[in-house]
Amino acid sequence: MSLSMEHEAPIELCREHPEVVPAILMHLLKVKLPYFSRVRVTDPGTRTLVPTGQRSDAAVVLEDNGKPVVAAILEPQGRIDPGKWFAWPKYVADLHAEVRCDTYLIVLALTRSVAAWARQPIGSFLPGHGLVPRVIGPDDVPRVGSLKEACAEPWLAALAAMMHADDESGPEEALVAVQAARQTGGVDQAWWLYQLLRAIMTKERYQRLEEFIMLHPDVYLPKTDFEWSQFNKGETKGKAEGEIKGKAEAIVRLLGLRQIAVNDEDRARIHAEREMPTLDRWFDRALMARSVSELFT
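Residues numbered from 1 in each chain as written. Predicted model: local features only at pLDDT ≥ 70, side-chain atom pairs only at ≥ 80, totals over all residues. Heavy atoms only, no water.

Draft legend 1. Inspection of the overall build of the chain at higher detail. A count of helices and strands for the chain gives 14 helices and five strands. Taking all 297 residues of the chain together, 51% fall into the buried category. Of the contacts made within the chain by residues no fewer than 6 positions apart, 69% connect residues no fewer than 24 positions apart. A total of about 14,600 Å² of accessible surface is found on the chain, and carbon and sulfur atoms cover 54% of it. (Helix = DSSP H or I, 4+ residues; strand = E, 2+ residues; numbered from the N terminus. Buried < 20%, exposed > 50% of the residue type's maximum accessible area, 1.4 Å probe, protein only. Contact = heavy atoms within 4.5 Å. Areas by Shrake-Rupley, 256 points an atom, 1.4 Å probe, with all protein chains shown as cover.)

This is the structure:
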């Protein structure tokens, strides 16, 4: 059976930006994570010596100095499928045996009815206890709010835009998510997210999104070679103010995601910086730093 783009888009998001998984665990599932310095995607199809034809959609491992500290399986689910009761325990067991640390099964239910079904314990697995997936349904993903909020968690905002793509407010939320992607990741990341959202939206919602984008020059996305050349001429001198602010927000967000405290003075220093190379250097250091002071040394 072919998989829908609604199913594939969250997987693509996870593989391109695996940091969305610890954000899901922390902000949506309220899991207190240990310190980690790296997030990586692992191939869910390479864990068994004998191929079984079963593989999870996406697997992410959080590491500190090369040692796994938390792992998670992300499974988008668009329909009720009792066969998953026998596949999901295997996915988690395989990953758990590989990484030997706390391991979570996250089911991203694409509809409310699927979310209600997925929350049932898998009673035949360890009878009397069962395996209970950690389920995220449409009602569990906050809608995309302000641009400032979206820039603080741009890929969580992208996930929310996907989950609510065909709601009445879907195009407006998608626009904010694309704006946040551009401010924190640049025009290429905005274009990538725009294409994902375009693929899962109905024609009516997609047309509204394009209308909104045309009305917002700050999120203009060049589509032809000529448009790209003209766009790049305007980008050669420095970075847009919005991108600078977005990068500063991304640094603070990353430190928070890694549970590194940022006081008001350090936060102000990060937001006051206007040189993009410096912000880029601080962002890279934030991936491994154990304190804010290590950013500035």
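Following the structure, the description resumes.
Draft legend 2. Here's a closer look at the packing of helix α7 (residues 170-185) against helix α8 (residues 187-200). Running from N to C, α7 and α8 cross one another at 155°; their axes reach a closest spacing of 6 Å. Classified by the angle their axes make, α7 and α8 are roughly antiparallel. By crossing handedness, the relation of α7 to α8 is classed as right-handed. Between α7 and α8, the contacting residues are A174, A177, V178, A181, R182 and G185 on the first element and V187, Q189, A190, L193, Y194 and L197 on the second. Residue composition of the contact of α7 with α8, by class: nine nonpolar, two polar and one charged. (Axes fitted to C-alpha atoms, helices over the stretch in contact; angles between N-to-C directions. Parallel < 35°, antiparallel > 145°, perpendicular 65-115°, else oblique. Left-handed = near helix turned anticlockwise from the far one by under 90°. Nonpolar A, V, L, I, M, F, W, Y, C, P; charged D, E, K, R; others polar.)

Draft legend 3. Highlighting helix α13 (residues 276-286). Within α13 the residues assigned to the buried category are M276, T278, L279, W282 and A286. Considered in projection along α13, the buried side chains sweep an arc of 155° and stay on one side of the axis. (Arc of directions from axis to C-beta.)

Draft legend 4. View of the packing of helix α6 (residues 154-163) against α8. Viewed as axis vectors pointing N to C, α6 and α8 meet at an angle of 20°, and their least axial separation amounts to 10 Å. Comparing the axis directions of α6 and α8 gives the class roughly parallel. The interaxial crossing formed by α6 with α8 has right-handed handedness. Contacts between α6 and α8 involve W155, A158, A161 and M162 from the first element and Q189, W192, L193, L196, L197 and I200 from the second.

Draft legend 5. Summary view of the environment of Q179. Within the secondary structure, Q179 sits in helix α7. Given a relative accessible area of 8%, Q179 falls into the buried group. Sequence-wise, Q179 and C151 are 28 residues apart; in three dimensions their C-alpha atoms are separated by 8.4 Å.

Draft legend 6. Fine view of the pairing of strand β4 (residues 102-109). In terms of residue burial, β4 counts as a mostly covered element, since seven of its eight residues are buried. Where strand β3 (residues 67-77) and β4 come together, eight bridges link them in parallel fashion. Its bridge partner lying in β4, P76 is registered against L108. Of the crossover connections in this fold, the one passing from β3 over helix α3 (residues 84-99) to the parallel β4 is right-handed. Pairing of β4 with strand β5 (residues 134-136) involves three bridges; the strand directions are parallel. Among the inter-strand pairings, L108 is bridged to a residue of β5, identified as I136. Note on the crossover from β4 through helix α4 (residues 112-118) to β5: the handedness is right-handed. (Pairing = 2+ DSSP bridges. Right-handed = clockwise from strand over helix to strand, strands pointing away.)

Draft legend 7. Summary view of the packing of aromatic side chains. Applying the stated criterion to the full structure yields six aromatic pairs. A network of ring pairs unites the aromatic residues W85, W88 and W117 as a single cluster. Of note, K247 hangs over the ring of F283, and the distance from its end group to the ring centre comes to 4.7 Å. Cation over ring: R269 sits above F296, and NZ or CZ is 3.9 Å from the ring centre. (Phe/Tyr/Trp six-rings, centres within 6.5 Å; stacked < 30°, edge-to-face > 60°. Lys NZ or Arg CZ within 6 Å of the ring centre and 35° of its normal.)

Draft legend 8. Expanded view of the side chain of D57. As for its position among the elements, D57 is in the loop between β1 (38-42) and β2 (58-64). Separated by 3.1 Å, the side chains of D57 and H7 make a polar contact. (Polar contact = N/O pair within 3.5 Å; in protein donor to acceptor, adjacent residues only side chain to side chain.)

Draft legend 9. Main features of the nonpolar core. Residues I24, L25, I106 and L193 are the most contacted members of the largest nonpolar core, which totals 59 residues. Here the element with the most residues in this core is α6; it accounts for nine residues. Not counting residues up to four positions away in its chain, the partners in contact with L25 are K30, V31, L33, V70, Y104 and I106. Of all hydrophobic cores here, the second largest spans 21 residues; its members include W88, C101, A115 and A118. (Core = buried A, V, L, I, M, F, W, Y, C linked by side-chain atoms within 4.5 Å.)

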